[in-house]
Amino acid sequence: MQIVSQILFVIALLVGVGFFARNIKRLIRNIKLGREIDRTDNGGERFAKMARIALGQSKMVKRPVSGFLHIIVYVGFIIINIEVLEIVIDGIFGTHRIFSFLGGTYDVLIASFEILAFLVFVGVVIFWIRRNALNIYRFLGRELKGWPKNDANYILYFEMVLMALFLIMNATDYQLQMNGADHYASEAGIMGSFPISQFLLPILDGMSNATLIIIERAAWWLHILGILFFLNYLYYSKHLHILLAFPNVYFSKLSLQGKFDNLESVQKEVALMMDPNADPFAAPAEGEDEGEPEKFGASDVFDLNQVQLLNSYTCTECGRCTSECPANQTGKKLSPRKIMMDTRDRLEEVGENITKNGKFEDDGKQLLDDYILREELWACTTCNACVEACPVGIDPLSIILDMRRYLVMEQSAAPNELSIAMTNIENNGAPWPYNQMDRLNWAKEN
């Protein structure tokens, strides 16, 4: 019977890891649909930023309540899953608490896992109350209806169940050790310390060893299968940021906020215009391929760069960006969170198209208009509040600017007020409709 259990465990492990590897492969493929961008400079500075923001959670604590709870859940969930290594080894080789030879160190580890599991459970319950009962503004956005709201709650329920299973597994294991049950008891005494699960022992009082083993094995199997399921659910969930927060922060911009990037093709044209010795009619140098004309800005996910697409997958949908957005606060349709969610949804749609057809077949849709409205784009004040607020280094503003650049430079579809201002700048050197000679006439008025 034991060998059957081991075989089933290995099969479950291979299926879970294999499916996860497939999802990661699709994720990388989708991100690579974007334009290449070099963000490999200043490696030391990037690692320091990643350690400070992604690992150290420095931006989370700017909102103390949610920040503190998130750190508990984050640290607890990560550290508790260290025990997964022991579970995997026990499952493959049929052993029981293989790391118990560590003695006192093992007792401290198990005790720490239990305390953290309890804190994670409490933190998740508080998160559920905040999200569903307190009517916090940033959880009420129109983009959080339906699946996004359900997804967030599914994760919370899942974490509660996993922590409960962990404690039930330990409680029954502890009782079986005290009962001297075969495979569980050790001549060295009790293996592990159980400061939280010991309070569940009264519930188990009077149960036979056979019943306790059934409960322990059920909790053990559900716990490890739940972790494998959760691992694969990440790809379809906003909780993908658990994996992507680190590379996302590493590849985030290091330049000053508010600094606009210039199109290389435009820079070359301007340099050519400013060079008095340049011949604008000269043929390209031999061997120089002009290639296809560059598209100005972005209208679909293919036009965005790979870091922007990574941003979309990393979005936690926490809404800190939207709650800080002055346009959103004044009732405009713009929500930086929605910009990222729409980008991810469109990217997923394109990815499914490629998976189904082997290559992308034009579906008559694009990110602009079909997902993100022009009204949303032009509502942005480019203040960078969303970028500053994001706890994992996401840059919604860069996507907004690229799409506005497309509207202006490819479609000449700027709002009328902006078009007038740009025409005045071209003709008068200023956004006002007065030539330079008349610009100070207002000062002569009484």
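Attention here is on the structure that accompanies the text. (Residues numbered from 1 in each chain as written. Predicted model: local features only at pLDDT ≥ 70, side-chain atom pairs only at ≥ 80, totals over all residues. Heavy atoms only, no water.)

Some details on the environment of Glu-324
Our working definition: Each helix is a run of DSSP H or I of at least 4 residues and each strand a run of E of at least 2, with the numbering of both proceeding from the N terminus. Should any heavy atoms of two residues lie within 4.5 Å, those residues are considered in contact.
Structurally, Glu-324 can be placed in helix H12 (residues 320–324). Glu-324 sits 12 residues away from Pro-336 along the chain, and the two C-alpha atoms are 9.5 Å apart. Once you skip the residues sitting within four places of it in the chain, Glu-324 turns out to touch Arg-63, Gln-329, Ala-385 and Ala-389.

Brief notes about the nonpolar core
Our working rule: In plain words, nonpolar cores are sets of buried Ala, Val, Leu, Ile, Met, Phe, Trp, Tyr and Cys residues tied together by side-chain atoms within 4.5 Å. Three exposure classes are used, based on accessible area relative to the maximum for each residue type with a 1.4 Å probe and protein chains only: buried under 20%, partly exposed in between, and exposed over 50%.
Grouped together as the largest cluster of nonpolar side chains are 83 residues, with contacts concentrated most on Tyr-313, Leu-334 and Met-403. Among the elements that line this core, the one with the most residues is helix H6 (residues 147–179), at 12 residues. Counting residues in each nonpolar core, the second largest holds 5 residues, with Met-50, Ala-54, Val-249 and Tyr-250 among its members.

Re the pattern of salt bridges
What counts is decided by this rule: Salt bridges, as used here, are contacts in which a Lys or Arg side-chain nitrogen is within 4 Å of a carboxyl oxygen on Asp or Glu.
Evaluation of the coordinates by the stated rule reveals 20 salt bridges. Where Glu-375 meets Lys-333, a salt bridge forms, and the shortest distance between an N and an O atom there is 3.8 Å. Here Lys-333 lies in the loop between helix H13 (326–329) and helix H14 (336–357) and Glu-375 lies in helix H16 (residues 374–379), a separation of 42 residues in the sequence. Overall, Lys-333 belongs to the partly exposed group, its relative accessible area being 37%. Of the charged contacts, one joins Glu-349 and Lys-365 as a salt bridge, the two residues approaching to 2.7 Å between their closest N and O atoms. Note that Glu-349 is positioned in helix H14 and Lys-365 in the loop between H14 and helix H15 (367–370), a separation of 16 residues in sequence. In the salt-bridge network here, residues are joined through shared partners; they are Asp-300, Arg-346, Glu-349, Asp-363 and Lys-365.

Details of the packing of helix H3 (residues 64–80) against helix H5 (residues 104–132)
Note the cut-off: Note on geometry: axes are C-alpha line fits, over the in-contact stretch for helices, and angles between N-to-C directions span 0 to 180 degrees. What sets the label is the angle itself: under 35 degrees gives roughly parallel, over 145 gives roughly antiparallel, 65 to 115 gives roughly perpendicular, and the rest give oblique. By the definition used in this description, the sense in which the near helix is turned from the far one sets the handedness, with an anticlockwise turn below a right angle giving left-handed and a clockwise turn giving right-handed.
Contact geometry for H3 and H5: axes closest at 8 Å, N-to-C directions at 140°. On the basis of the axis angle, H3 is oblique to H5. Pair H3 / H5 crosses with left-handed handedness. Contact residues: H3 offers Val-65, Ser-66, Leu-69, His-70, Ile-72, Val-73, Gly-76, Phe-77, Ile-79 and Ile-80, while H5 offers Phe-113, Leu-116, Ala-117, Leu-119, Val-120, Gly-123, Val-124, Ile-126, Phe-127 and Arg-130.

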